[in-house]
Amino acid sequence: NYFRQDNCLVLKRVVKSWCSSPYFSPRQVVFNQALEAHYRRCYNLSVTVLTLHMEGIITDFVRLSFKKPRFKAETALLNINSYMDDMPFPSLNFSDWEIYSSVISEIQVALTESFDFENPEAATNKSRHKIAHGHAIEEETEVSSLKRFLYLNELHRLLTAIDEKMNAN
């Protein structure tokens, strides 16, 4: 209800705040359209587009910040996890790390869950592969759509913190 109030004003502010990121800003039109779909209760549209763009954001980050082009999000996520393990962030508290860890874990599941064309029903509807290959056909909910926006917001916060840490060194 909080995010639905005032025509999704809070969620609009969240999405607008992503403009400062070089990994998010090129996708601003996509995010605005996903937000419009969410507002209109077209959750399959917002879930689909946001899930697919998580992969692009992560691979763009690793390519641009770490100078390591990665074709697969799984490898890019390993690079991010490795950096996080090696570089302490004293400005972040334990709660922040718990949130980041949880979000990265959820994104990792979505992007790397196995998918078998012979048995597409075996994958959850969170699977990027099931979504991208047109097999996620169950109706999505407002909660699942909102979760994608919130995962992206935490990803934005994490990538911004890593960039700030790298620029400080």
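Summarised in this report is the structure supplied together with it. Source: prediction; values computed, not measured.

Between the first and last C-alpha of helix α3 (residues 43-65) there are 32 Å, a value that for 23 residues agrees with the 33 Å anticipated at 1.5 Å per step. Looking one or two places after α3, you find Lys67, whose phi comes out positive at around 60 degrees.

Next up on the list: the pattern of salt bridges. Between side chains of opposite charge, pairing is possible as soon as their charged atoms come close. All told, the structure shown has seven salt bridges when counted by the stated rule. Here Asp60 makes a salt bridge to Arg27, at a shortest N to O gap of 3.0 Å. With a gap of 33 residues between them, Asp60 in helix α3 and Arg27 in the loop between α1 (5-17) and α2 (28-39) connect regions that are remote in the sequence. Across the pair, Arg27 and Asp60 agree in class, each one buried. A salt bridge links Arg128 to Glu55, with the shortest nitrogen-to-oxygen separation between them at 2.7 Å. Here Arg128 is found in helix α6 (residues 128-132), whereas its partner Glu55 is found in helix α3, with 73 residues between them in sequence. Three or more residues joined by partner-sharing salt bridges are found here, namely Arg27, Asp60 and Arg63.

Across all of its chains, the model carries eight aromatic pairs by this definition. Summarising the aromatic geometry, the rings of Phe66 and Tyr83 are spaced 5.3 Å apart at their centres and angled 40 degrees between planes, so their arrangement reads as tilted. In this pair, Phe66 is assigned in the loop between α3 and α4 (73-86) and Tyr83 in helix α4, connecting sequence segments 17 residues apart. Take Phe66 and Tyr83: they sit in the same class, and that class is buried. Every member of this aromatic cluster is reached through a ring pair, and the members are Tyr23, Phe61, Phe66 and Tyr83.

For Asp6, which is not glycine, the phi torsion reads 50 degrees and is therefore positive. Along the chain, the position of Asp6 falls in helix α1. Located in the positive-phi region is Arg41, a residue other than glycine, with phi close to 70 degrees. Along the chain, Arg41 turns up in the loop between α2 and α3.

Conventions adopted
- Residues numbered from 1 in each chain as written.
- Predicted model: local features only at pLDDT ≥ 70, side-chain atom pairs only at ≥ 80, totals over all residues.
- Heavy atoms only, no water.
- Helix = DSSP H or I, 4+ residues; strand = E, 2+ residues; numbered from the N terminus.
- Expected span 1.5 Å × (residues − 1).
- Salt bridge = Lys/Arg side-chain N within 4 Å of Asp/Glu carboxyl O.
- Buried < 20%, exposed > 50% of the residue type's maximum accessible area, 1.4 Å probe, protein only.
- Phe/Tyr/Trp six-rings, centres within 6.5 Å; stacked < 30°, edge-to-face > 60°.

These figures come from the coordinates and say nothing about function on their own.
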